[in-house]
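The chain contents come next:
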Amino acid sequence: MTVDLKHDPERACAQIFNSAIAAAAISAAWDVGVFDELRSAEQLNIDEFAVRRGLDTGATRAVFAALADADVVRRSGGHTVAGPNFAEADRTKGFFYWLTRGYGELFGDLPRLLRQENRSGHFYRRDGAAIGIACRQNNEVFFDPTFQPVLDSLDFSEIADLGCGSGERLIRTAQQRPGVRGIGIDLSDDVLGLARDEVRKAGLAERITLVKADVTALEEQAAYARVDLVTSFMMGHDFWPRERCIASFRRLREVFPEVRHFLLADTARTTGFPDGDMPIFSLGFETAHAVMGVYLPTLDEWEGVFGEAGWSCAGRHLIDTPAASFMFHLVPSRR
Ligand SMILES: C[S@@+](CC[C@H](N)C(=O)[O-])C[C@H]1O[C@@H](n2cnc3c(N)ncnc32)[C@H](O)[C@@H]1O
């Protein structure tokens, strides 16, 4: 949204306020099935939808009012149809879920989190499972079209996914490649609980192992000895600052002695967008990490670490949404 504050500040601030409500409404609408339903049916009746889905009618009407204010839906009489922003909100709904469910508590707590005296120990809270759900969605829409063809071109038998989140990438890969085994490593109990449920539901508990560990300081283990493909999606920035990233990436070659490919995908810190022109997600992503005290490297900074860390870049894929996103195909450099 580009808000022209010079012209009508009153209207502009109303829009800023209302868009915050619309963001929560898009996230909730996804959760309760509005997008699926409106995508397949031409219209829906809000009260009937609420009753059928076990929702409170008054609250559901209010959510639709917020969606209508943002032109995601249009209401007329008893019927609701997709609005001009429906398709794009459907495509980007994972970002709204990330913002309002995953990081809702952190943004709500912003005044406290700004103060130096409150910034020690585990000083912020976010919802790891909700972030895992949002990332699964954003992977499917924004990263998989780049990831899948590269994966299809590789020969591998054992994959380790660093910061595996919901486990979706391992599950899908194991389903596509019947002989392949997977190891998911993450340090969040919430997200490992979600991944464990999904792996069990997919009937893959025999082939996918989930491990709780900090991937920036992995210990050698017999279970890692045969891993020939390492992946890491949407968490690469957690390896930084630079010296730590170099040390961790070097360490990956010792912990996974048979590794032949490392697919690393993440969103970098944007540079060069003027105020008022930030694309979707970037402002939230960069603000949240600044508040958490997590350094976000730029694309140039990323490209400057691989050589020192013992990896060569065999493929460089840039992704436009989220802005400044990438997938690097790394291979071990010769020692
Ligand atoms: C944004 S989510 C992405 C999840 C998943 N890779 C995906 O693409 O859907 C980042 C994940 O990395 C995990 N993570 C962050 N730092 C980590 C670390 N040092 N060691 C292990 N996991 C980490 C988080 O717990 C979270 O599940």
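Residues numbered from 1 in each chain as written. Predicted model: local features only at pLDDT ≥ 70, side-chain atom pairs only at ≥ 80, totals over all residues. Heavy atoms only, no water.

J.: Which residues make up the overall build of the protein, and what values go with them?
T.: From N to C terminus, the protein includes 13 helices and ten strands. Each principal axis of the C-alpha atoms in the protein carries an extent, and together these give about 70 × 45 × 35 Å. Classification of the 335 residues of the protein by burial places 47% in the buried group. Counted over contacts in the protein with a minimum sequence separation of 6, partners at least 24 positions apart contribute 70%. Roughly 16600 Å² of accessible area belongs to the protein as shown, and the carbon and sulfur atoms make up 51% of that amount. (Helix = DSSP H or I, 4+ residues; strand = E, 2+ residues; numbered from the N terminus. Buried < 20%, exposed > 50% of the residue type's maximum accessible area, 1.4 Å probe, protein only. Contact = heavy atoms within 4.5 Å. Areas by Shrake-Rupley, 256 points an atom, 1.4 Å probe, with all protein chains shown as cover.)

J.: Residue-level account of the layout of surface pockets, with values.
T.: One number sums up the size of the second largest pocket: a volume of about 1100 Å³. If you go around the second largest pocket, you meet 44 residues; those closest to its centre are Arg 126, Asp 186, Leu 187, Met 235 and Asp 238. Broken down by secondary-structure element, the contributors of at least two residues to the lining of the second largest pocket are α5 (86-102), α8 (128-152), α9 (168-176), β5 (181-186), α10 (189-201), β8 (261-267) and α12 (282-292). Class assignment of the residues belonging to the lining of the second largest pocket gives a composition of 20 nonpolar, twelve polar and twelve charged. (1 Å grid on protein atoms, 1.4 Å probe; cavity = no way out; pocket = protein on both sides within 12 Å on 5 of 7 lines; lining within 4 Å. Points joined across faces, edges and corners; volume = space filled by probe spheres on them. Nonpolar A, V, L, I, M, F, W, Y, C, P; charged D, E, K, R; others polar.)

J.: So, the sheet that holds strand β10 (residues 325-332): which residues are in play, and what are the values?
T.: Spatially, seven strands are ordered β6-β5-β4-β7-β8-β10-β9 in an open sheet, and the strand pairing comes out mixed. Of all strands in the sheet, those bounded by a partner on one side alone are β6 (208-212) and β9 (311-319). Adjacent strand axes in the sheet meet at a mean angle of 15° when their direction is disregarded. In this sheet, β10 lies alongside β8 in antiparallel orientation, the contact comprising six bridges. (Pairing = 2+ DSSP bridges. Axes fitted to C-alpha atoms, helices over the stretch in contact; angles between N-to-C directions.)

J.: Explain the side chain of Glu 158 residue by residue, including any values.
T.: Here Glu 158 is to be found in strand β4 (residues 158-162). Taking the relative accessible area as the measure of exposure, Glu 158 reaches 8% and is therefore buried. Once residues within four sequence positions are removed from consideration, Glu 158 is found in contact with Arg 181, Ile 183, Ala 223, Arg 226, Val 227, Asp 228 and Leu 229.

J.: Residues and numbers for the nonpolar core, please.
T.: Phe 35, Phe 64, Leu 67, Val 72, Trp 98 and Ile 208 are the most contacted members of the largest nonpolar core, which has 63 residues in total. It is α8 that provides the largest number of residues to this core, a total of nine residues. The residues contacting Val 72, other than those within four sequence positions of it, are Ile 26, Phe 35, Leu 67, Ala 82, Gly 83, Asn 85, Phe 86 and Ala 89. Core analysis: the second largest hydrophobic core is formed by 32 residues, Ala 160, Val 211, Val 227 and Phe 328 among them. (Core = buried A, V, L, I, M, F, W, Y, C linked by side-chain atoms within 4.5 Å.)

J.: Which residues make up the environment of Gly 128, and what values go with them?
T.: Counting through the fold element by element, Gly 128 comes out in helix α8. Along the chain, Gly 128 and Trp 30 lie 98 residues apart, while their C-alpha atoms are 18 Å from each other.

J.: Pulling in residues and values, what's your account of the site of the ligand?
T.: Around the ligand sit 18 residues, and of these Asn 139, Gly 163, Asp 186, Asp 214 and Phe 233 come closest. Arg 169 is positioned such that a nitrogen or oxygen atom in its side chain is 3.3 Å from an oxygen atom of the ligand. Coverage of the ligand by the protein chains reaches 88% of its 590 Å² of free accessible surface. Judged by the proximity of its atoms to the pocket grid, the ligand belongs to the second largest pocket. (Near = heavy atom within 4 Å. Polar contact = N/O pair within 3.5 Å; in protein donor to acceptor, adjacent residues only side chain to side chain. Sits in = over half its atoms within 2 Å of the grid points.)

J.: Go over the sheet that holds strand β2 (residues 73-76), please, and point to the residues and values.
T.: In spatial order, the strands read β1-β3-β2; together these three strands make up an open sheet with antiparallel pairing. Both outer strands of the open sheet, β1 (43-45) and β2, are each paired with one neighbouring strand and no more. The average angle at which neighbouring strand axes cross in this sheet is 30°, direction not considered. For β2 and strand β3 (residues 79-82), the ladder comprises four bridges, and the chain directions are antiparallel. Bridge assignment links Arg 75 to a residue of β3, and that residue is Thr 80. Across the sheet, helix α4 (residues 57-69) touches β1, β2 and β3, and the angle it forms with β2 is around 115°.

J.: Any details on the packing of helix α1 (residues 9-31) against α4? Residues and values, ideally.
T.: Across the interface, α1 lies against α4 with an axial gap of 8 Å and an inter-helix angle of 120°. With respect to α4, the element α1 is oriented oblique. With respect to the hand of their crossing, α1 and α4 are arranged in left-handed fashion. Between α1, through Asn 18, Ile 21, Ala 22, Ala 25, Ile 26 and Ala 29, and α4, the contact on the second element is made entirely by Val 63, Ala 66, Leu 67 and Asp 69. Taken together, the residues that form the contact of α1 with α4 break down as eight nonpolar, one polar and one charged. (Parallel < 35°, antiparallel > 145°, perpendicular 65-115°, else oblique. Left-handed = near helix turned anticlockwise from the far one by under 90°.)

J.: Explain the pattern of salt bridges to me, using residue names and the numbers behind them.
T.: Enumeration according to the criterion identifies 26 salt bridges in this entry. For Arg 242, the salt bridge goes to Glu 308, with nearest N and O atoms at 2.9 Å. With Arg 242 in helix α11 (residues 242-255) and Glu 308 in the loop between α13 (299-303) and β9, the pair connects residues that are 66 residues apart, well separated along the chain. Note that Glu 254 is salt-bridged to Arg 251, the shortest N-O span being 2.9 Å. With Glu 254 and Arg 251 both in helix α11 and three residues apart, the pair spans about one turn of that helix. Accessibility expressed as a relative area gives 25% for Arg 251, which makes it partly exposed. One network of salt bridges, in which partners are shared, links Asp 36, Arg 39, Asp 90 and Lys 93. (Salt bridge = Lys/Arg side-chain N within 4 Å of Asp/Glu carboxyl O.)

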